[in-house]
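An overview of the molecular structure
Listed below are the residues making up each chain.
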Amino acid sequence: QGLNASARDGLTVAAGELPIRVQQFETTSDADIATTLSDAVSAECTLIFVVGYRMADATVALAEYVPSPDGKLLAYALSDAGSDWKTWHVREVATGKDRPDVLRETKFTLASWARDGSGFYYSRYPQGDDQRQPVIHFHRLGDPQERDVAVFAVTDHATRVPEGVVTLDGRYLV
């Protein structure tokens, strides 16, 4: 109803109490989204919708997503017009609303959540310059990106690109 294209099903991932399924719709209005949400909510999984209508030509696509360990939040990255550059956002699973967290100057990176859900690690290019090496940062939820702490940078090799992943026990970033 009102959808320009069928849903593109994402992978269902386990996090928290209910599995999370991310679906991306290409739609044109908030009314269409609300109708789709009310029709689709089920007891078997929590549905998160990321839509392609943020830009007038609907070229914004869901590039990556990673649920927090408790499943209450979803870090997700959008890519504009097929670019490798991604902008990360954080969505509250229960409400479907985005938090104010917005991270730019990233590409070729995933979010790796701290086990307590206080934030996540990601790599970003200094000043958005992809001719320089990315640096791993920690983003504390609610803080502006400018306050993110650099935790690791490769200093001994010009072409290595670091990616940080938190171990399952939460003790290490590898």
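Above this text you will find the structure in question.
Below is a short write-up of the structure. (Residues numbered from 1 in each chain as written. Predicted model: local features only at pLDDT ≥ 70, side-chain atom pairs only at ≥ 80, totals over all residues. Heavy atoms only, no water.)

So, on to the sheet that holds strand β5 (residues 73-80). If you walk across this open sheet you meet the four strands as β4-β5-β6-β7, and the pairing is antiparallel. The open sheet terminates on both sides in strands that have one partner only, identified here as β4 (60-67) and β7 (98-106). Direction aside, neighbouring strands of the sheet carry axes that sit 25° apart on average. One ladder, built from four bridges, connects strand β6 (residues 86-92) with β7; its direction is antiparallel. For Trp-88, the partnering residue across the bridge sits in β7 and is Leu-103. (Pairing = 2+ DSSP bridges. Helix = DSSP H or I, 4+ residues; strand = E, 2+ residues; numbered from the N terminus. Axes fitted to C-alpha atoms, helices over the stretch in contact; angles between N-to-C directions.)

Turning next to the pattern of salt bridges. What the rule picks out here adds up to seven salt bridges. A salt bridge links Asp-130 to Lys-107, with the shortest nitrogen-to-oxygen separation between them at 2.6 Å. Taken as a pair, Asp-130 in the loop between β9 (119-124) and β10 (135-140) and Lys-107 in the loop between β7 and β8 (112-113) lie far apart in primary sequence, 23 residues in all. (Salt bridge = Lys/Arg side-chain N within 4 Å of Asp/Glu carboxyl O.)

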